[in-house]
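Overview (structure and organization)
Residues per chain are reported as follows:
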Amino acid sequence: MVLRVVASILVVGVAAGTCHGAFHISSPRAHPPPLLTRTGTRPCRVPSTVLFGGRDDGVDKGFNLLENASKVVPQGAIVATAKESWKFIWKRMMAELAPQDKSGSYARPKYSFNGKIGEDAAFPDEAGRYHVYLGNPCPWCHRVRLALALRSMDKSEIGFTILVDDPVKASRGGWVFGATDRDPLANCRDLREVYDALVPGFTGRCTAPLLVDLKGRKIVSNESSDIVRMLGKITLGDSSNKKERRELYPDSLVTQIEETNAWVYPLLNNGVYRCGFSTTQTAYDAASADVRKGLQQCQDILSQQPYLCGNSFTEADLRLLPTVLRFDGAYAPLFKAGGTHLRIRDYPALHAWLQRCWDLDGVKETIDLADANASYYKQLFPLNPGGIIPSPVTAEQLGLS
């Protein structure tokens, strides 16, 4: 639509500007190029097939501008105007979608809430008090859902709602409630209303995951790494450990986990987004190099041991897993992360690690892969303005048995 408007402005502008100087745009069928001919003071004639998208024999040729280009309205001027106009609008849309620094690199927003269950007096460690809002496509939400599953936390201990990503229906942000998974707090219609119910007049991005205290009617946190860490430590009233829970952050591996998280996040978790949301070539090249470096670092480590920090699955693996699962279906082809040609199977040890993680109890149930990948193509329209969704990448196509 933007290009059609730009093209209309260009053609009408050229026609209007040359009418008074004695040019008119003739029909290509009536006269061969050049199409602009000297006519004295006769009024300009701009055929509707040029202005509104000509069709010959049922074939849509858009505005038919390139076939009608001439010395007076050269093709170069048409193409350059359309490209620069689209690029300007695209950069504005990208800045709205993903804030940019001066270099054209994605600058991820800071999060507003940093409460801690069990550490803050306002948020006691008890079952049935807390609820988390999640969305299937979001890798940051996926982290939290993985933590719930791998820590064997059921909805009686901590509830969760799966939101639907629909930025058209959402009043702010992209998350709304579906027909079957309703809001337990105040029957809100979208996540913005949840934020506003807990923090009246809230301004800012209404992001998920969102962990809330239903009893105290307060937001605990909307930072995924903090929520995952909390879920890895709290007992939810089961201090005697009657329920077997996977240890994600063992004392013996704390230093190694922290060191791993420190490079996995910038190179891979955020690196893929820096690729997709770059608005300059320099910013993209730096981000893409980081992604390739991160993938190779994973390959080198996992060729020596089964998991990132040794022989057991830890928080470090959990934080990497959502990125790797979405890589082949969205991050490589749409975000051009590391180059559109890369696939996880290009890194055999990393691919074997992905299979080991996929085989852990509860992991398969934490994601709908087809829906997650399709969302990137449907909702990030500045990256895919035509809205065409590629054939879905399934677990089988990822080589996961």
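The coordinates are above.
Residues numbered from 1 in each chain as written. Predicted model: local features only at pLDDT ≥ 70, side-chain atom pairs only at ≥ 80, totals over all residues. Heavy atoms only, no water.

1. So, the overall build of the chain
- Scanning the chain from terminus to terminus reveals 13 helices and 9 strands.
- Looking at the chain residue by residue over its 401 residues, the buried ones come to 49%.
- For the chain, the share of sequence-separated contacts (at least 6 apart) that also reach a separation of at least 24 residues comes to 65%.
- Of the roughly 19200 Å² of accessible surface on the chain, a fraction of 54% belongs to carbon and sulfur atoms. (Helix = DSSP H or I, 4+ residues; strand = E, 2+ residues; numbered from the N terminus. Buried < 20%, exposed > 50% of the residue type's maximum accessible area, 1.4 Å probe, protein only. Contact = heavy atoms within 4.5 Å. Areas by Shrake-Rupley, 256 points an atom, 1.4 Å probe, with all protein chains shown as cover.)

2. Details of the environment of V144
- Within the element layout of this structure, V144 appears in helix 5 (residues 139-150).
- Owing to a relative accessible area of 0%, V144 belongs among the buried residues under this scheme.
- With 83 residues separating them in the primary sequence, V144 and I227 have C-alpha atoms 6.8 Å apart.
- For V144, the contacting residues outside a window of four places in its chain are V132, L134, P209, S224, I227, V228 and L231.

3. A closer look at the packing of aromatic side chains
- Using the criterion set out here, one finds 15 aromatic pairs in the structure.
- Their ring planes at 50° and their centres at 6.2 Å tell us that W140 and Y265 sit as a pair that is tilted. Within this pair, whereas W140 is found in helix 5, its partner Y265 is found in helix 8 (residues 254-269), the two being separated by 125 residues in sequence.
- Taking relative accessible area as the criterion, Y265 reaches 27% and is therefore assigned partly exposed.
- Against the face of F160 rests K155, its NZ or CZ located 4.5 Å from the ring centre.
- A cation over an aromatic ring shows up here: R356 above the ring of Y307, its NZ or CZ 5.9 Å from the ring centre. (Phe/Tyr/Trp six-rings, centres within 6.5 Å; stacked < 30°, edge-to-face > 60°. Lys NZ or Arg CZ within 6 Å of the ring centre and 35° of its normal.)

4. Overview of the pairing of strand 8 (residues 210-213)
- Here strand 8 shows two buried faces, one formed by L210 and V212 and the other by L211 and D213.
- Alignment of strand 5 (residues 130-135) against strand 8, held across 4 bridges, turns out to be antiparallel. Residue V132 lies in a different strand from strand 8, and its bridge partner there is L211.
- Examined bridge by bridge, strand 8 and strand 9 (residues 218-221) share 3 bridges and lie antiparallel to one another. By the bridge assignment, D213 is partnered in strand 9 with K218.
- Taken together, strand 8 and the strand that follows it, strand 9, pair antiparallel across an intervening segment of 4 residues, in which R217 is found at a positive phi of about 50°. (Pairing = 2+ DSSP bridges.)

5. A short note on the pattern of salt bridges
- Summed over the entire model, instances satisfying the criterion amount to 10 salt bridges.
- When the shortest N-O distance is used, the salt bridge between E126 and R129 registers 3.6 Å.
- Residue R192 is joined to D196 by a salt bridge in which the shortest nitrogen-to-oxygen separation is 3.8 Å. Of the two residues, R192 and D196 are both situated in helix 6 (residues 191-198); the distance of 4 residues between them amounts to about one turn of the helix.
- On the basis of relative accessibility, which here comes to 29%, the residue D196 falls in the partly exposed class.
- Each of E126, R129, D213 and K215 takes part in a single network of salt bridges with overlapping partners. (Salt bridge = Lys/Arg side-chain N within 4 Å of Asp/Glu carboxyl O.)

6. Some words on unusual backbone geometry
- Cis rather than trans, the peptide bond between A208 and P209 has omega equal to 10°.
- Looking at the secondary structure, you find P209 in the loop between helix 6 and strand 8.
- Although it is not a glycine, R217 sits at a positive phi angle of roughly 50°.
- By secondary structure assignment, the location of R217 is in the loop between strand 8 and strand 9.
- The phi torsion at K336 lies on the positive side, around 60°, for a residue other than glycine.
- Here K336 lies in the loop between helix 11 (315-331) and helix 12 (348-358).

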